[in-house]
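Take a look at the letters that make up each chain.
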Protein chains: 6
Amino acid sequence: MAGSGHLKLLRPAAFYMFAPLRPAGGRAAVKATFCTTVPPPSISRYPVPPKKDLPEDIAAVMEEVEAKGGFLPNVFKALSHRPAEFRTFFAYYNELMNKETGGLTKADRELIVVATSMHNQCLYCVVSHSALHRIYSKKPTLADQVAVNYQNAELSPRELAMLDFALAVCRSDTITDQHFLSLEEVGFDREDAWDIGAIAAFFALSNRMAHITDMRPNVEFYTLGRVARPKGDGGSK
Amino acid sequence: MAGSGHLKLLRPAAFYMFAPLRPAGGRAAVKATFCTTVPPPSISRYPVPPKKDLPEDIAAVMEEVEAKGGFLPNVFKALSHRPAEFRTFFAYYNELMNKETGGLTKADRELIVVATSMHNQCLYCVVSHSALHRIYSKKPTLADQVAVNYQNAELSPRELAMLDFALAVCRSDTITDQHFLSLEEVGFDREDAWDIGAIAAFFALSNRMAHITDMRPNVEFYTLGRVARPKGDGGSK
Amino acid sequence: MAGSGHLKLLRPAAFYMFAPLRPAGGRAAVKATFCTTVPPPSISRYPVPPKKDLPEDIAAVMEEVEAKGGFLPNVFKALSHRPAEFRTFFAYYNELMNKETGGLTKADRELIVVATSMHNQCLYCVVSHSALHRIYSKKPTLADQVAVNYQNAELSPRELAMLDFALAVCRSDTITDQHFLSLEEVGFDREDAWDIGAIAAFFALSNRMAHITDMRPNVEFYTLGRVARPKGDGGSK
Amino acid sequence: MAGSGHLKLLRPAAFYMFAPLRPAGGRAAVKATFCTTVPPPSISRYPVPPKKDLPEDIAAVMEEVEAKGGFLPNVFKALSHRPAEFRTFFAYYNELMNKETGGLTKADRELIVVATSMHNQCLYCVVSHSALHRIYSKKPTLADQVAVNYQNAELSPRELAMLDFALAVCRSDTITDQHFLSLEEVGFDREDAWDIGAIAAFFALSNRMAHITDMRPNVEFYTLGRVARPKGDGGSK
Amino acid sequence: MAGSGHLKLLRPAAFYMFAPLRPAGGRAAVKATFCTTVPPPSISRYPVPPKKDLPEDIAAVMEEVEAKGGFLPNVFKALSHRPAEFRTFFAYYNELMNKETGGLTKADRELIVVATSMHNQCLYCVVSHSALHRIYSKKPTLADQVAVNYQNAELSPRELAMLDFALAVCRSDTITDQHFLSLEEVGFDREDAWDIGAIAAFFALSNRMAHITDMRPNVEFYTLGRVARPKGDGGSK
Amino acid sequence: MAGSGHLKLLRPAAFYMFAPLRPAGGRAAVKATFCTTVPPPSISRYPVPPKKDLPEDIAAVMEEVEAKGGFLPNVFKALSHRPAEFRTFFAYYNELMNKETGGLTKADRELIVVATSMHNQCLYCVVSHSALHRIYSKKPTLADQVAVNYQNAELSPRELAMLDFALAVCRSDTITDQHFLSLEEVGFDREDAWDIGAIAAFFALSNRMAHITDMRPNVEFYTLGRVARPKGDGGSK
């Protein structure tokens, strides 16, 4: 039988291929090891000032952010090396990312950051804003899809047009009336276009600051918003 | 005081910024919602034959893989549309990825796949082989780092040289003696070079088949190997 | 004589070639015409608010800038469409471009803007910051050289290394220790590197805002700092 | 008041920002310095033969050109290193650039040179032909706009189509019927297409000869045609 | 007469220009020299095992191929360094290239290989599959045209659409429904699309294996199928 | 036996694979068909003037070239559409390609044309100058190798450095002293550098004229210099 020749090739291979997915002893053994993985302590290639040396307003912001979020994102630490730039960076950031007006949701804004930061190969921004997108959108896989290839991610036509425009800005393409028409076709007006473009423009800055400082994402960002855990945290799933 | 002007800019913004990380009610509430996210049913833009119509040898391989791994990776379903190509694809795959000889670990092989598949913007291969890398390497964040930018990932010089060579092959660069010397400097011999290059070459094929078929990763791959679970989980699943 | 054949080809052509440089009547006639060229009125594709509708602080800044510089650069008008972003943009701008500390001169800072904005094909920033460079550096041709091709402009090794780094940041290259070493070789320390990189990063943002708004340079910028005028000009203007 | 915080950021900065535009003492002081800027003596990295050693026909052409234009463009000096190539270069040049027939004006021809030479980052051709364009077109800013980014320069649809075709030829794109149709839509016939394409092709050669010789533009070219000067040359403006 | 100047330039040059095409005494003298050109002995940068050391099945395949084709293509020798990969490579190859079903002719398949292998600058595959295309298609110049530039080769609209799709796969473009529609317009169905894409994907692998091994084409491939020889040639050569 | 499974995959495939290389009836049958291949009549997308309408000097050149070479290369016909440009084109061409001085052989010059014209995807120049290279060099395969990928062609270090420089000029790279040093290391002086660069520059023009006119190579060029013919062919030389 012709098939028998093929099976000789495939059977043992298949055995190796997914064996690790179920090691003898169950997954628990694997997990225990993961717990001991030490996150790399590096945050930036520039010195991070100790809290006591920071200007009062910056220290206060950091405390507030950490209290609300559970940990302090490394971007705050890395940029505190230059307090004056820290202030203008976060003032600009908040103006663009935390607006409650206009046609963009918070998840939309994060998706723009993921797509454009990936174009710029910015580790910090892709990892941290993918986490924020998962949390805002409650879609645990879309940010990963957009990071790999937004062109075949599971996007609505509106989201696709939004990212097409964001990427045009990200690449510093010459923006023409046609770009605005493509946005209008899916319901974005000119103010939304400014918002999309300004976010892409701001992260053009942010991604490059991350490259200069070799900014490293907090280990928490890699998993935030990915998996549901048992409600009582001791459940069986 | 100069600082008071800045704080006006920053305080409210910081409030919005990370609020979602800790919604009222704690994280459990968020997670509960994630559980209801329905994975998209699409696997391939080509028809996937029902199991009963598959050749016996292919059906047997699928059963074995699913039994061992806990689920059947969609690449098996997508390529079963062409049984003869299925056989040669997996025979080739196993020859390169499941070898026990030579200088490459299984984690090394997966890392090559992640880096080169990202270059080719292949959703299926980046997501699925990042999962396999996390499992083999027990490093839950390195594959994500390599996917975004292998040049500043936390790699050993040996891993960096390995990926430099793999990317050269991936881009179809003209391979010269200098490439082999760079590998030798970190301990890889010519047979290892073949292995690294052949994996990059095979996934040049695999990534393109995934693009042709619009192959979608199983939802399990996005989270596999990311998080440790409580030791007493019992592992029944 | 062989030459006679060639001369037939060349003589009349040479006649046409530079004739326009000296039209009958001398250059004055040409110049008179230039005076009537009407500058295009467009400033931005977004509405520019009338002064009376602007927030008080922004109107005050505009008045001050116009009083000092002789005209109001269009970037102030274009960005006043979004007062909150106007404030953070210029606060950030001033922090980076108007510092009196560190190893960069004002001319250095402008040269970084010219080189990186050219890479991004940003009309507003190339034209306006070339003018500022001519004024600060008192070199009337260097900015034009850098705009066309900084690699063969008449730069010192220090300036060349500075622009190499700025362009690496501009392209969102992964920044490595080697980049910092190249800067150190010509006397820049790590704080200078941050300054160079942060300027390149800020204009990555700025160039893209100019593309989104189709921002047009004031006609004054094209000629500022290009030509010396007679000493006894008296400066009445 | 919220604004007061912002003003603290902006006021002093604005002071620095445009201060140089009006140094104490007025512009005259600045200009005086510009007059002393010594143009770099370098013309080419190859030897430029002294006039007495040149073939008679070439020396005669140079004299004629200098007499008509007021100075001898460096391309004549640089290429005189190879008299036979000098003859064919300028014969070809004149055939394409000094024609009085067909649909292209002299300003059109120069604009093609500016746009394509910028693509090739050719300092000599961008600077010298921008000057010629300013003189022929009497538009003092259009060449600079085209040099930075012809896609958002203030061009007529006819000029834009002309430069689109010139750039396609410049990049060595495969020219198709569609290219000719796009030209026909704005009124160019096939002979005009040849003219546009041949100019782009000739400057593909010329730009590369400038790169080989590191040809430097005469300092006069940077300012020619930019500013109107008082008719009596002693006026007050 | 104006023309005489030109003739001085042209006559002697024309003499040199094509003199070699017809040396005094005819072509025979030249040809005799060609016969002594020794083909370079190199086949691969990896060792090629002697026939006696090869597994029985691989040696048998080689004998059969050589017997049928008149010489053994070097790809068989180069890949025999790894017998297991040799088996899966040729099994896959045959599945895609030697099918008798579907809408692609053998010449179509070879043309896809030529176009995509040229994109990847693969000497072995361009030279060997150009030969196969000449033989299958009986068109002695089309493969050369496609190798230089498939966009202006003498292709039917069907062939052009086929190569457009193959190149999209070759470049690892994201494949969309539009790609399939373009194929349908010229008569290819979805199974043909898979065939075209799978060939492009397989040669993405094959080209890279050729780069890794520096695989050299047999000298026979350069001329196979190019020229007709006299019917009564009798085979003395 | 494991091998039997593999043989099932390979045997029949090998049968199909090279069958066409030896059709029943021997090669003569194939060749007879090739003889009937009609060369495409198209030469240029612009009109080619009939000989009687050509200027006397151009007609004379054409006759001379055809008499010496055995056929008239299509470039003469295509460019005769513009007699004045025809004259300067061939005057320039001859100056660069038919020199007897300096360090470049005629074969070297043709190799530069092949490599750079391939970069520009110019069908006419690659095919015709590959033929001239085969004739001058008496190496029947090197031009094909260089066309596909000069980086792994069988070149001497001198030839490789020559083509590296030619390609730098071809791409319009900024040429630096380092480029000249690399040439000096293999024995080329500055005059040779000019020759290499000027040929690359001239064919930057020539390739683009071929694209504009869609110039087609004479069918003779595809095979010239490829094959040796029987010694007794009649030639005495």
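A brief look at the structure comes next. Quick caveat: nothing in here was measured; it's all calculated off a predicted structure.

### Topic: helix 6 (residues 106-119) of chain E
All names here are of chain E. A rise of 1.5 Å per residue sets the reference length of helix 6, with its 14 residues, at 20 Å; its end C-alpha atoms lie 20 Å apart and thus fit the reference within 8%. In terms of residue burial, helix 6 counts as a mostly covered element, since 13 of its 14 residues are buried. If you check the start of helix 6, you find a side-chain oxygen 3.3 Å away from the backbone N of Ala 107, and it comes from Thr 105. Looking one or two residues past helix 6, Gln 121 carries a phi angle of roughly 50 degrees, positive in sign.

### Re the nonpolar core
With 456 residues, the main nonpolar core has Val146(A), Val146(B), Val146(C), Val146(D), Val146(E) and Val146(F) as its most contacted residues. When residues no more than four places from it in sequence are discounted, the contact partners of Val146(B) are Leu111(B), Val114(B), Ala115(B), Ala153(B), Leu155(B) and Leu163(B).

### A few points about the pattern of salt bridges
One pass over the full model with this rule turns up 82 salt bridges over all chains. Measuring nitrogen to oxygen at the nearest pair gives 3.3 Å for the salt bridge that ties Glu63(F) to Lys51(F). Residue Glu63(F) is found in helix 3 (residues 56-69), and its partner Lys51(F) is found in the loop between helix 2 (27-35) and helix 3; the two are separated by twelve residues along the sequence. Given a relative accessible area of 44%, Glu63(F) falls into the partly exposed group. Residue classification places Lys51(F) among the partly exposed positions, given a relative accessible area of 45%. Each of Arg134(C), Asp144(C), Arg226(C), Arg134(D), Asp144(D) and Arg226(D) takes part in a single network of salt bridges with overlapping partners.

### Examining the packing of aromatic side chains
Applying the stated rule across the entire model yields 93 aromatic pairs over all chains. When the centroid spacing of 4.2 Å and the interplanar angle of 5 degrees are considered together, the rings of Phe76(C) and Phe90(C) count as stacked. On the criterion of sequence distance, the pair formed by Phe76(C) in helix 4 (residues 74-79) and Phe90(C) in helix 5 (residues 83-97) is long-range, its members being 14 residues apart. By relative accessible area, which is 1% here, Phe76(C) ends up buried. With relative accessibility at 1%, the residue Phe90(C) sits in the buried group. An aromatic cluster of three or more residues is present, and its members are Phe76(A), Phe86(A), Phe89(A), Phe90(A), Tyr92(A), Tyr93(A), Phe202(A) and Phe203(A). It is Arg190(E) that lies over the ring of Phe180(E); its NZ or CZ is 4.3 Å from the centre.

The rules behind these values
- Residues numbered from 1 in each chain as written.
- Chains lettered and ligands numbered in written order.
- Predicted model: local features only at pLDDT ≥ 70, side-chain atom pairs only at ≥ 80, totals over all residues.
- Heavy atoms only, no water.
- Helix = DSSP H or I, 4+ residues; strand = E, 2+ residues; numbered from the N terminus.
- Expected span 1.5 Å × (residues − 1).
- Buried < 20%, exposed > 50% of the residue type's maximum accessible area, 1.4 Å probe, protein only.
- Polar contact = N/O pair within 3.5 Å; in protein donor to acceptor, adjacent residues only side chain to side chain.
- Core = buried A, V, L, I, M, F, W, Y, C linked by side-chain atoms within 4.5 Å.
- Contact = heavy atoms within 4.5 Å.
- Salt bridge = Lys/Arg side-chain N within 4 Å of Asp/Glu carboxyl O.
- Phe/Tyr/Trp six-rings, centres within 6.5 Å; stacked < 30°, edge-to-face > 60°.
- Lys NZ or Arg CZ within 6 Å of the ring centre and 35° of its normal.

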